[in-house]
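So the chains spell out like this:
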Amino acid sequence: MACMPDTVTHFSSALRHRQGAYDNPFAADNVYGHALALLSRHRGQAEGGLHIDIGSGFGRIAEPLVAELGLTYLACDLDEDALGSLAERGFETCRLVLASEERVYQALVALIGGRRLASISIIDTLEHLDDPAATLRALARVAGDHQAFVLISVPNVAHRDLGLRLLFGLWEYTETGILDHTHRVLFSDAVLRRMLAASGLHIVDENDVQIRRSDQAFPVDHPALQSGTTLHRLLCELRGLGDRFGGTNQLVRLCTAGPVARALPFAAAAIDRPLLSVVIRSEGRQPDLLAALMTCLAAQTNTDFEVLVLGHLLDRPRQVSIEQVIFDLPAWLRTKIRFILIDHGNWTDLLNNGFAAADGRYICVLDEEDVVFGHWLEQFSQAAGTAPGRILRGNVLTQSSRRVEYNFATGIRAESGVNNPHSSAFDFFEHLHAEGSALPGLAFPRGLFHHLRICFDPALEIFAGWDVLLRGAALVGVTSVPEVVAIQQKWNRPGSGGEAAERRKVMEKFGAVAAPLWPAACIGQLRDRLDELACLRQVPDTRPQLAALSAELAAHREALQNVAGIYGSRSWRMTAPLRFVQRLAGKRPANQAAIGLLSTSQLRALQAAVCASRSWRITAGPRWLWHWLCTGAP
Amino acid sequence: MSETGACSPLRAFFRPGASIQVQSVLYGNGFASIERAVLSLGRAAELAVESGMAGRVELIYGDSSRNPCLSECQLAQLCALYPETLSIRYDFFGRNYGSARGHNRLAEAAAADFILVANPDVVVSPRLLIHLLRAFTLPGTGMAEAKQLPIEHPKDYDPQTGETSWATTACALIPLPLFHAVGGFDAETFFLYCDDVDFSWAVRMAGYKVIFQPGAVMFHDKRLSDEGKWLPSDAEKYYAAEAALLLAHKWSRPEIVEKILREYGAYGDLVTRRAKAEYEARKAVGRLPAPRDAEHKIGQFIDGMYARHRYAL
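Since we're looking at a predicted model, the values are computed, not measured.

Enquirer: Looking at this model, I keep getting lost on the overall build of chain B. Mind explaining?
Expert: Along its length, chain B carries nine helices and eight strands. In terms of C-alpha radius of gyration, chain B reaches 19 Å, essentially the compact-globule figure of 20 Å for 313 residues. Here the C-alpha coordinates of chain B stretch approximately 55 × 45 × 40 Å along the principal axes. A separation threshold of at least 6 residues defines the contact pool for chain B, and within that pool the share at least 24 residues apart is 82%.

Enquirer: Even after reading the chapter, I still don't get the packing of aromatic side chains, so can you show me in this structure?
Expert: Following the criterion strictly, the structure yields 24 aromatic pairs over all chains and no others. Taking 5.3 Å as the distance between ring centres and 70 degrees as the angle between the ring planes, the aromatic pair formed by A:Tyr73 and A:Phe91 counts as edge-to-face. Here A:Tyr73 is found in strand S2 (residues 72-77), whereas its partner A:Phe91 is found in the loop between helix H5 (80-88) and strand S3 (92-95), with 18 residues between them in sequence. Summarising the burial analysis for this pair, A:Tyr73 and A:Phe91 share the class buried. Ring centres of A:Phe444 and A:Phe456 lie 6.4 Å apart, and the angle between their planes is 90 degrees; this geometry places the pair in the edge-to-face category. Of the two residues, A:Phe444 is situated in strand S16 (residues 442-445) and A:Phe456 in the loop between helix H17 (446-450) and helix H18 (464-476); the sequence distance between them amounts to 12 residues. A:Phe456 carries the same exposure label as A:Phe444, and that label is buried. Of the aromatic side chains, those joined through ring pairs into one cluster are A:Phe355, A:Phe444, A:Phe449 and A:Phe456. In this structure, A:Arg141 packs its charged tip against the face of A:Tyr105, placed 4.0 Å from the ring centre. Sitting above the plane of the B:Trp166 ring, B:Lys155 keeps its charged end 5.4 Å from the centroid.

Enquirer: What am I meant to see in unusual backbone geometry here?
Expert: Glycine aside, negative phi is the norm for most residues, and most peptide bonds take the trans geometry. Omega for the bond connecting A:Phe218 with A:Pro219 falls within 30 degrees of zero, at -5 degrees, which places this linkage in the cis form. As for its position among the elements, A:Pro219 is in the loop between strand S7 (209-210) and helix H10 (230-242). At the junction of B:Leu149 and B:Pro150, the peptide bond is cis and its omega measures out at 5 degrees in the coordinates. Here B:Pro150 lies in the loop between strand S6 (141-149) and strand S7 (171-175). Of note in this structure, B:Cys194 is not a glycine but carries a positive phi near 70 degrees. Positionally, B:Cys194 belongs in the loop between helix H5 (176-181) and helix H6 (195-205).

Enquirer: What's the story with helix H24 (residues 600-612) of chain A in this structure? I'm lost.
Expert: Because an α-helix completes one turn every 3.6 residues, residues spaced three or four positions apart along the sequence face the same direction. Its 13 residues give H24(A) an end-to-end C-alpha distance of 18 Å, which sits within 8% of 18 Å, the value for a rise of 1.5 Å per residue. Against the buried residues of H24(A) lie helix H21 (543-567), helix H22 (570-574) and helix H25 (614-617) of chain A.

Enquirer: Looking at this model, I keep getting lost on the side chain of B:Ser40. Mind explaining?
Expert: Looking at the element boundaries, B:Ser40 is found in helix H1 (residues 31-51). A distance of 3.0 Å separates the side chain of B:Ser40 from the backbone nitrogen of B:Val124, its partner in a polar contact.

Enquirer: Explain helix H3 (residues 98-108) of chain B to me, please; I cannot follow it from the model alone.
Expert: All names here are of chain B. Counting buried positions along H3 gives eight out of 11 residues, so the element sits mostly inside the fold. Along H3, the residues classified as buried are Gly98, Ser99, Ala100, Gly102, His103, Asn104, Leu106 and Ala107. On its buried face, H3 is in contact with strand S1 (18-26), strand S2 (54-63), strand S4 (114-118), H5 and H6.

Enquirer: Looking at this model, I keep getting lost on the interface of chain B and chain A. Mind explaining?
Expert: How large an interface is tends to be reported as the accessible area lost when its parts come together. Of the residues lining the interface, 46 residues belong to chain B; the matching set on chain A comes to 43 residues. Each partner contributes to the roughly 3400 Å² buried at the junction of chain B and chain A, and carbon and sulfur atoms together form 58% of this total. Two residues, B:Arg127 and A:Asp328, come together in a salt bridge whose shortest N-O distance is 2.6 Å. Taken together, chain B and chain A are joined by nine residue pairs in polar contact (both at pLDDT 80 or more). Listing elements by their share of the side of chain B that touches chain A, those giving two or more residues are H1, strand S5 (123-124), helix H4 (128-135), S6 and strand S8 (209-219) of chain B. The leading source of residues in the side of chain B that touches chain A is S8(B), at seven residues. Split into classes, the residues belonging to the side of chain B that touches chain A amount to 21 nonpolar, 11 polar and 14 charged.

Enquirer: Quick question: what am I supposed to make of the nonpolar core here?
Expert: Across soluble globular proteins, you tend to see nonpolar side chains buried next to one another. Core analysis: the biggest nonpolar cluster contains 67 residues, and B:Ile20, B:Leu86, B:Leu116, B:Leu128, B:Leu129 and B:Leu133 have the highest contact counts within it. When residues in this core are grouped by element, the largest group, eight residues, is from H1(B). Membership of the second largest hydrophobic core comes to 50 residues, among which are A:Ala292, A:Val325, A:Leu377 and A:Ala443.

Enquirer: Can you walk me through the sheet that holds S4(B) in this structure?
Expert: What links the strands of a sheet is backbone hydrogen bonding, and the strands pair in either a parallel or an antiparallel sense. All names here are of chain B. Strand order in the open sheet formed by eight strands is S3-S2-S1-S4-S7-S6-S8-S5, with mixed pairing between adjacent strands. Pairing within the sheet leaves two strands with one partner each, and these edge strands are strand S3 (86-92) and S5. Pairing geometry for S6 and S7, over two bridges, is antiparallel. If you follow alanine 144 over to S7, its bridge partner there is leucine 173. Against the sheet, H3 touches S1, S2, S3 and S4, its axis set at about 145 degrees to S1.

Rules used throughout
- Numbering of residues starts from 1 in each chain and follows the order in which that chain's sequence is written.
- Here chains are named by letter from A upward and ligands by number from 1 upward, in the order in which they appear as written.
- Totals for whole chains, interfaces and linings use all residues, but because this is a predicted model, local features are given only for residues with pLDDT of at least 70 and pairs of side-chain atoms are given and counted only at 80 or more.
- Side-chain numbers here rest on the full set of heavy atoms in the structure, without hydrogens or water.
- Secondary structure follows DSSP: runs of H or I at least 4 residues long count as helices, runs of E at least 2 residues long count as strands, and numbering of each begins at the N terminus.
- Atoms counted for the radius of gyration: C-alpha only. Globule rule: 2.2 Å times the number of residues to the power 0.38.
- Contacts are assigned to residue pairs with any non-hydrogen atoms lying within 4.5 Å of each other.
- Here a Phe, Tyr or Trp ring, Trp counted by its six-membered ring, pairs with any other such ring whose centre lies within 6.5 Å, and the pair is stacked when the planes are under 30 degrees apart, edge-to-face when over 60, and tilted otherwise.
- For every residue, the accessible area (1.4 Å probe, protein chains only) is compared with the maximum for its type, and the residue is labelled buried under 20%, exposed over 50%, or partly exposed between those bounds.
- In this analysis the charged atom, NZ for Lys or CZ for Arg, is taken to sit over a ring once it is within 6 Å of the ring centre and within 35 degrees of the ring normal.
- Multiplying 1.5 Å by the residue count of a helix minus one yields the expected span of that helix.
- Polar contacts, as used here, are pairs of N or O atoms within 3.5 Å; protein pairs need one atom able to donate a hydrogen and one able to accept it. Residues neighboring in sequence count only if both atoms are side-chain atoms.
- Here the quantity called buried area is the accessible surface, traced with a 1.4 Å probe, that two parts lose on coming together, added over both.
- Throughout this description, the term salt bridge denotes a Lys or Arg side-chain nitrogen within 4 Å of a carboxyl oxygen of Asp or Glu.
- Under the scheme applied, nonpolar residues are Ala, Val, Leu, Ile, Met, Phe, Trp, Tyr, Cys and Pro; charged residues are Asp, Glu, Lys and Arg; polar residues are all the others, including Gly.
- Here, nonpolar core refers to any group of buried Ala, Val, Leu, Ile, Met, Phe, Trp, Tyr and Cys residues whose side-chain atoms link them within 4.5 Å.
- Any two strands between which DSSP finds at least two bridges are classified as paired.
- Axes, fitted as lines to C-alpha atoms, cover a helix only where it is in contact. Angles between the N-to-C directions of the axes lie from 0 to 180 degrees.

Structure (structure tokens):
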């Protein structure tokens, strides 16, 4: 067996560290078990033949791998003890230095000889190399020669524990683990993918090792790292928005060789992006509306935008009608447009596809019926300058419209004046209760979608925009542009129903975002209180009527007391014979028993009549005298 | 042409390969807005010519500004945008002719089948010329108006035919012979506003129809207040107030003139009072136009507007 001479030292430091340190046992839930499971899933192609394990260490995967897949195991490492152990266990070994691409390739070709190569593994080794991309390129060439698999494992420095620590200025290497002090290159999912793509390796399957608390979860009494704290829950929730690898300890991927998919194995410099991506949904049924909207875009005072026309479930004639509208446009505008056909899903899927394809720093959504003012983009541009990264919100009016058709053409006829249904400044509290913004007035920062994965929910047919706005506003905030920037033309279409159920779902989803800070029950209670408040606002204010009624009652009581006081007085009783005579003469004073049925005005009239009666007037002198005697006053 | 229209029998003005002079009057317009307009107009001209409906399209600017809006370099830049399809000429007036007289001057020298009277900052949709020309395939069409964005004018039109009381000349196509036949815009009476209302009524008095074409879309950069209301400048208010008096006088509505004068006197602000004073001064020196349409068959004065409006703005 021909091995490369030990001419370079790339791997030596790792080996020195490895001596006696990396004899990890095989377990179903560690990286060895995950690697074997991956190969087993594809055993149809991997079974039999030769398996080369590069950076094998003590190779505790060897026995299970041979037993399960029937492969011939060949270990490559620099550590003599490790190779000695494997040799004693009956496995073929080779001392291999991971140097330049060409040397590694030639060494592996020589090792394989005339045998059929089924698979290569390189487990937790790449991170120790100065130039792991060179090794990957060599592996890709060898794997390509044999149509063999390449199994790769690297530690994931994007595990949430490292992020939580770094947030508070903590960064420590350890003897072993994710930040092993001998690591030369730090990997995340993105770094690994980029390096693989630049090496000609393509991921076909993955079986990452998940560890909730990694070896970096220290100091254990740090509030950010203690799983029961609000801070920990909040930070974990935020980390979860980034990608799905927050709990991944090791990235374990199965690859095949193919064309090199990118030139550089590292991130490119910042891309020069347009300010705004305008995502337009179209079913190709109303090309005249699309043409009108394009005219609005052609009239923008700021032209730093791109346009993505999303054709949804189009048949050929409707596709052609959209293409015709685009073809008709002036060249400067036509070159800003991408026409993307999407033949699945509902309109939210459509938007998610559009947002994924958008290159702009901000992304907004327009429908064919929308009309935007000439300073629409200019206003967004100014607002973006004052508070980068926030959602931008302008004021949107609505107007009823209908379609007319004559003189060989169709057009839109406005049927009402413009309405202003939303407040001109964004009110987060109001948005907890109702959809208070319109999509044509919103520009979402691309990071919300591309980095925090705030997407349109396909389960929401009506309020998907509100849902994104609410969750997004909670994370990045909203900058309001008070100007009117757009008009939504409304057709008389029947409602699709289901608004109440969707409203509830929007609030539930917001509750999930806010849960780390506000318990879900608190969000629910807040929502219920807002609903009650809205109901109460619809009840007319009855306080003025109650006050008037109260005054009326007081007046009635006073009139009743006055009349009752007269009828109960000694003067009135003393003059009863006089009234008896009058009754005989046919005059009938009011029945005392009936005064409870009289109205206030009738009581007052009765009081006036009684006071003017002869029987009452003739007792005025005695009453005065009695009053004078009792009170001492005239 | 007589008061009741002597162009009968009514003809269809369209012919394939029609020539069009697009004319705009500049007044302090910035180059960026002019360039935007030319970029859109040139494409509309290309499509109209490709379709065979138009044969030649020429753009002429008259400049009423104190200083020229376009330098030679900028003019060359504009000419280079569509050298094959859209030729551009520029006439610096050296004085402010206003809208009516400016357009009359530009039309005087025109040699085309149609003139497209347009504001210099409008951005037209690609098929605007085609849609407007189509209106003239129908006999009796005397003027075709484009639909404005972002705010559609609220005046009513027949949703089956497009027939309307008057057309705004923010963007309207007019057969040149008819333009001359009705005497062009009344520049003696109207400086900036209502010249288009007056002209439209003159076209209708000649027996032709004014047609609104909703498929012919153009963008006229208007803004609204934060509450969604119009934001007219003082100059706009003044000329609109003055024109309201003059239009009512010219179209034989003395009772409306009196009513407006009373209102301006009683409730008006400085702007409307100045308009009232100007009207009275004209009257005193005999500079008011001769009234016409004595039987009120053409002119419409409805709630202070010159057509029934579908809604208020």
